[in-house]
Amino acid sequence: MRFSRFTQDRNGNVAITMSLAAAVLIGAAGVAVDYAGLSRQHTEMQDVADTVALASIRALGLQDGKKLNAANQSSAENSGLVFLEGSGISFQEKEVVIDPDKKTATVTISSDGQL
């Protein structure tokens, strides 16, 4: 008899529903905050990589018909690495490669997650 009365009672219905929904909403908010942080970190690392690539190419100084040689290429790649060191961000992996045939500078960086 008590159990049938319990199942028919609608008092407190909203409190239970809201408590279940609140757990889901708090979880979704946590995921959103984490995603925003990772997105910001990705953008900052992309900005650094783009800047290093441009600095490396600029360090080559190939204007005025100068030819690219191994010393110029190595110097430009080192300039990019020096810029990375001066950025104040610690990277686990960093590499600057200039490909004169394709006329590209490839910057590879990875971080420990703390920018």
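Keep in mind it's a predicted model, so treat the numbers as computed, not measured.

What is the right way to look at the overall build of the protein chain in this model?
The number of helices and strands found in the protein chain is 3 helices and 2 strands. Residue burial in the protein chain is summarised as follows: out of 115 residues, 17% are buried. Taking the contacts inside the protein chain whose residues are at least 6 apart along the sequence as the reference set, 45% of them involve residues at least 24 apart.

I tried to follow the confidence of the model for the protein chain on my own but got confused; where do I start?
Any region with low pLDDT has predicted coordinates that should not be read closely. In this model, the protein chain carries a mean pLDDT of 79, and residues with pLDDT of at least 70 account for 86%. Across the protein chain, the secondary-structure element scoring lowest on mean pLDDT is helix H1 (residues 2-8), at 72, and the one scoring highest is helix H2 (residues 13-60), at 88.

I tried to follow the pattern of salt bridges on my own but got confused; where do I start?
Where charged atoms from two side chains of opposite charge come close, those side chains can pair. Evaluation of the coordinates by the stated rule reveals 1 salt bridge. Note that Glu-44 and Arg-40 form a salt bridge whose closest N and O atoms lie 2.9 Å from each other. Placement of both Glu-44 and Arg-40 in helix H2 is noted, with a separation of 4 residues, approximately one turn of the helix. A relative accessible area of 31% places Glu-44 in the partly exposed class.

Hey, could you run me through the nonpolar core in this one?
Within soluble globular proteins, side chains that are nonpolar generally end up buried alongside one another. Core analysis: the largest hydrophobic core is formed by 10 residues, namely Met-45, Val-48, Ala-49, Val-52, Ala-53, Leu-84, Phe-91, Val-96, Val-107 and Ile-109. Those elements that provide at least two residues to this core are H2, strand S1 (91-99) and strand S2 (104-111). Here this core takes 5 residues from H2, the largest share from any one element. Ignoring anything within four residues of it in the chain, the contact list for Val-48 reads Leu-84, Ile-89, Phe-91 and Ile-109.

Please clarify how the pairing of S1 should be interpreted in this entry.
In this sheet, S2 lies alongside S1 in antiparallel orientation, the contact comprising 8 bridges. Note that in S2 the partner of Glu-93 across the bridge is Ser-110.

Help me out: how do you make sense of H2 in this one?
For the α-helix, the turn length of 3.6 residues means that residues three or four positions removed from each other point alike. If you check H2, its first and last C-alpha atoms are 71 Å apart, about what 48 residues at 1.5 Å a residue would give, namely 70 Å. Listed as buried for H2 are Gln-41, Met-45, Val-48, Ala-49, Val-52, Ala-53, Ser-56 and Leu-60.

Before we go on, may I ask you to explain the environment of Met-45 in this structure?
Structurally, Met-45 is set in helix H2. In sequence terms Met-45 and Ile-89 are 44 residues apart; their C-alpha atoms lie 9.4 Å from each other.

Just to check I follow, could you spell out the environment of Val-97 for this structure?
With respect to the secondary-structure elements, Val-97 resides in strand S1. Its relative accessible area of 35% is what places Val-97 among the partly exposed residues. Considering only alpha carbons, one finds Val-97 and Ala-53, 44 residues apart in sequence, at a separation of 8.9 Å. When neighbours within four sequence positions are excluded, Val-97 is seen to be in contact with Glu-77, Thr-104, Ala-105 and Thr-106.

Calculation rules
Residues numbered from 1 in each chain as written. Predicted model: local features only at pLDDT ≥ 70, side-chain atom pairs only at ≥ 80, totals over all residues. Heavy atoms only, no water. Helix = DSSP H or I, 4+ residues; strand = E, 2+ residues; numbered from the N terminus. Buried < 20%, exposed > 50% of the residue type's maximum accessible area, 1.4 Å probe, protein only. Contact = heavy atoms within 4.5 Å. pLDDT = per-residue confidence, 0-100. Salt bridge = Lys/Arg side-chain N within 4 Å of Asp/Glu carboxyl O. Core = buried A, V, L, I, M, F, W, Y, C linked by side-chain atoms within 4.5 Å. Pairing = 2+ DSSP bridges. Expected span 1.5 Å × (residues − 1).

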